[in-house]
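Residue-level structural notes
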Amino acid sequence: MLTVAAQRTERSGWTLRAVVSAHLVAIAGQPVFAGVYLTGDYDSLRWHAIGADAVTSIGCLQVLVAITVWVRLRQAWPFLTTTAVVAAETVQYFAGLDGALWLHIPLGVMTVAALVVQFIAVWRRPLLRQEARDAR
């Protein structure tokens, strides 16, 4: 049996949930690859770079889906939070390329935490058209 939130969530909301979930899975692998690299397996740095490209690509897709949610459901918060996460990921990506680990590592931790919070938010609350929620 579906929960009340699941029953009311629109199709674009389900798409956002799917993309945020994929984004979280991709970003969760990044510390693993970095940790394996730090233990001396230098091939893991290549996997970390591939993972960074995947995370960045999924983040860009999430921005597009969040725009769709904003337009179709009139909810801006997914776009605003996605933009903040993707901006942090972009800074973190280039800090990693530059070898600025003093910025890359703490910003990576904060980005993972922010995406976990966003994942919880999109799955806990119904994603429905704003007018329908205000009419209650």
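Notes on the structure in this doc start here.

Definitions and cut-offs
- Residues numbered from 1 in each chain as written.
- Predicted model: local features only at pLDDT ≥ 70, side-chain atom pairs only at ≥ 80, totals over all residues.
- Heavy atoms only, no water.
- Axes fitted to C-alpha atoms, helices over the stretch in contact; angles between N-to-C directions.
- Helix = DSSP H or I, 4+ residues; strand = E, 2+ residues; numbered from the N terminus.
- Parallel < 35°, antiparallel > 145°, perpendicular 65-115°, else oblique.
- Left-handed = near helix turned anticlockwise from the far one by under 90°.
- Contact = heavy atoms within 4.5 Å.
- Nonpolar A, V, L, I, M, F, W, Y, C, P; charged D, E, K, R; others polar.
- Buried < 20%, exposed > 50% of the residue type's maximum accessible area, 1.4 Å probe, protein only.
- Core = buried A, V, L, I, M, F, W, Y, C linked by side-chain atoms within 4.5 Å.
- Polar contact = N/O pair within 3.5 Å; in protein donor to acceptor, adjacent residues only side chain to side chain.

1. Digging into the packing of helix α4 (residues 77–98) against helix α5 (residues 101–124)
Two numbers describe how α4 lies on α5: the axes approach to 9 Å, and their chain directions differ by 160°. As the angle between them shows, α4 and α5 are arranged roughly antiparallel. Helix-helix and strand crossings are classified by hand; for α4 and α5 the assignment is left-handed. Here α4 contributes Trp77, Pro78, Thr81, Thr82, Val85, Ala88, Glu89, Val91, Gln92, Ala95 and Gly96 to the contact with α5, which in turn contributes Leu103, His104, Leu107, Gly108, Thr111, Ala114, Leu115, Gln118, Ala121 and Val122. Residue composition of the contact of α4 with α5, grouped by class: 12 nonpolar, 8 polar and 1 charged.

2. Quick word on unusual backbone geometry
Phi angles above zero are rare outside glycine, and arginine 74 is one such case at about 60°. Counting through the fold element by element, arginine 74 comes out in the loop between α3 (44–73) and α4. Judged by its relative accessible area of 42%, arginine 74 is partly exposed.

3. A look at the nonpolar core
By size, the foremost hydrophobic cluster in this structure holds 8 residues: Leu16, Val19, Val20, Val65, Val69, Leu73, Val122 and Leu127. When contributions to this core are tallied by element, the ones reaching two or more residues are α2 (11–38) and α3. With residues up to four places along the chain from it excluded, the contact list for valine 122 reads Leu16, Arg17, Val20, Trp77 and Leu127. Core analysis: the next-biggest nonpolar cluster, separate from the first, contains 5 residues, Leu24, Ile27, Val55 and Leu115 among them.

4. Focus on the environment of isoleucine 120
Its location among the elements puts isoleucine 120 in helix α5. When the C-alpha atoms of isoleucine 120 and tryptophan 70 are compared, they prove to be 18 Å apart, with 50 residues separating the residues in sequence.

5. Remarks on the side chain of histidine 104
Topologically, histidine 104 is positioned in helix α5. Histidine 104 gets classed as buried once you look at its relative accessible area, which sits at 12%. Only 3.3 Å separates the side chain of histidine 104 from the backbone nitrogen of glycine 96, close enough to count as a polar contact. Residues within four places of histidine 104 in sequence aside, it is in contact with His48, Gln92, Ala95 and Gly96.

Shape descriptors only; they carry no functional weight alone.
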